[in-house]
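As a plain string of letters, each chain reads:
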Amino acid sequence: MRHQRTAALVGVAVLWLALGPWVLLLALASLLHPAVRAWLRPTPRVAAAWVGAVAAAVGIAVVAPAGWLPVPPGPGALVTPAYVGRPVAAQPLLDVAGGPGPRGESPGVTSRWFGWGGRCWGVTAAGDALLARCGSTLRLVGADSLRARDTLDLAAGGSGDPDSSGGSDGSDGSDGAEEEPAGACASAFATTSSVASVLGAGGSDGGSGGAAEGDGGEAAGDDAAADLPDAADGTGAVVPTLDRRVLVVAIGDDEGELAVVRDVDVSAAVPAGDCLVSAAAAAGPTGTSGAGGDGRLWFVTRDGRVGVVAPDDTVRTTDLGETVGQPLVVAPAGGSAGGSAGDAAGAAGGTTGGSAAASPSGPGGGAAGGSAGGSTGGSTGTAGSEVLVSSTAATYRLALRGGRPGVVWRAAYDRGEEVKDGQPDQGSGTPPVPLAGGLVALTDNAEPRMHLRVLDARDGSEVCSAALFEDDHSATRGPLVSVGRGVVVANTAGSSGWSPTLLGRAPSGGVARVDVVDGECVERWSTDLVAPSAGAVVSPVTGLVYLPTKRRSWWGADAWYLTAVEAATGHTAFGVRLGLGPLVDPADPTGSPVALGPDGAAYVGTRGGLVRVRDAD
């Protein structure tokens, strides 16, 4: 009898993994019959054994080092396809910068568990490693092993020099302010703060950024690359922390450790209760964030303070007076004066691979900036002295004026009447994205449908706009995917929280590409793919757009896929199952994109850790 009960329970577990959650629901329903309950009633010894086994499994998952175990499997392996579509030949894009991605050649899937609360997002490839924001930490992860090499606590300001305290010129009225706890801002930091741009990892042959000249009297200072003296390959990141510091973090020695090489305390200019939303290094003369830059660091806060850190760590800010929930985008100066030269240089800059703007949210920013490598490249000015910022009411272009951020233009947009389900704020769900030809794209929050809005980077005037998706079912979050003079947009309407994707369900979804053609916004294609966390990225080598998607299932199985879509046509090339269950849900509060490694592997952050998809050798 005892072994029969055990066999029955094991059988239910196996059927649950194979067929999905309805098996478990039917098994629980069978307990309504008294005879079944009497037969399954375990002895105290059997009950203790089962409790002990479950406790041991949970204990192992809790104490195991990050990256040593796979993400726990979910139900539905036999009723959801592991692979759909077919391999494709590369269809290179000439107007986009970036690296290779999977082509669907017998792809292998590897997952790694990062513990309870180990949700990872903002994954960025950095040489033979990955940088990922997991919870309140920055993790350095081996790209091959997916095991954590080092961890930096962002809630405690990292491991930098505690005596570092960037200066303030006092003009912000907060000089000498007493340090206060940042606990009131912890929740906002956890959902809006992004991983910063990679330093020294961009293309080496970008659009012509022009001569780097003075910004109005302040010395340009040391090259930003000098901030990485011990970096193995010149790569690292600029990272905001919860206690209002901006860190420059390098990947150090051969053992792959995170080293804080610059630690700037900006709390004198950012009062307690406000949060750093993002930070980034000034772009270099070729448009590459950090590499060859002027040593300045930019940051933006939740309450709308845009700040710049000079090479001597002096902090100066400008208060926009509006809430900001999106990362800023750093670009070479001169976009406002690019004119027709910018149009001519746009495609050339993107083709040669320079990154004109490095999005703090990861490689999607690199892709977006790369395609705009020449959009501002035909002009002259101080490299990295301009940024784009979207508040919940308007988009701004700011430039250094006398060493302080100053507003070049402000373009208001329709912010709607409420926070849409699927967006973090009542405002744009995307950071502004530079496009080839001196353009800037973003989405608004209009009703009944949101619009893609394309602006002239010179003065912020609207070039064109296009309504997206269905009435009362349109929203997005995270970076748009820049493809030359167009963008790819994923609809995240109805995707907030866990419930919309549980038990085989999925929100309305939709993915569309909109191009700027003869001054008009034209929808080039659209699909009904469901990408609840957005997070798309394009590979110019394969010509594919990669995004995490959710398939509906009458079996109640929650299967998540990395889906590849042809950028030119919108045709779905293939999909690879990332895993099953809510722990594989790429629920990303920032909508950060999929990361593409130099070997063509794709990396996706999930609620439970990281998943890699790589073609067979």
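Described in the following lines is the structure provided in the data block. None of these values were measured; they are calculated from a predicted model.

## Remarks on the pattern of salt bridges
Step number 1: Tallying each qualifying case throughout the model produces 18 salt bridges.
Step number 2: Between Asp-274 and Arg-305 there is a salt bridge; the shortest N-O distance is 2.7 Å. Highlighted residues: Asp-274 in the loop between β10 (258–265) and β11 (276–281) and Arg-305 in strand β13 (residues 305–309), separated in sequence by 31 residues.
Step number 3: Here the salt bridges share partners, and the residues they tie into one network are Asp-144, Asp-599 and Arg-614.

## Some remarks on the sheet that holds strand β26 (residues 520–527)
Step number 1: Spatial ordering of the open sheet is given by β23-β24-β25-β26, a layout of four strands whose pairing is antiparallel. Single-partner strands in this sheet number two, and they are β23 (481–483) and β26. Averaged over all pairs of adjacent strands, the angle between their axes in this sheet comes to 25°, without regard to strand direction.
Step number 2: Relative to strand β25 (residues 511–517), strand β24 (residues 486–490) is paired through five bridges, and the arrangement is antiparallel. The residue bridging Val-488 from the neighbouring strand is Arg-513, located in β25.

## Quick notes on the nonpolar core
Step number 1: If you look at the biggest cluster of nonpolar residues, it comprises 22 residues, and the most contacted ones within it are Leu-544, Tyr-546, Leu-562, Phe-574 and Leu-578.
Step number 2: Where this core is concerned, the elements lending two or more residues are β28 (544–550), β29 (559–566), β30 (572–580), β32 (602–605) and β33 (609–614).
Step number 3: Examining the composition of this core, we find that four residues originate from one element, β30, more than from any other.
Step number 4: Excluding anything up to four places from it in sequence, Leu-578 contacts Val-109, Trp-560, Tyr-561, Leu-562, Val-584, Val-604, Val-611 and Val-613.
Step number 5: Within the second largest apolar cluster, 18 residues are counted, among which are Val-433, Ala-441, Val-487 and Val-516.

Each value, and the rule that gives it
- Residues numbered from 1 in each chain as written.
- Predicted model: local features only at pLDDT ≥ 70, side-chain atom pairs only at ≥ 80, totals over all residues.
- Heavy atoms only, no water.
- Salt bridge = Lys/Arg side-chain N within 4 Å of Asp/Glu carboxyl O.
- Helix = DSSP H or I, 4+ residues; strand = E, 2+ residues; numbered from the N terminus.
- Pairing = 2+ DSSP bridges.
- Axes fitted to C-alpha atoms, helices over the stretch in contact; angles between N-to-C directions.
- Core = buried A, V, L, I, M, F, W, Y, C linked by side-chain atoms within 4.5 Å.
- Buried < 20%, exposed > 50% of the residue type's maximum accessible area, 1.4 Å probe, protein only.
- Contact = heavy atoms within 4.5 Å.

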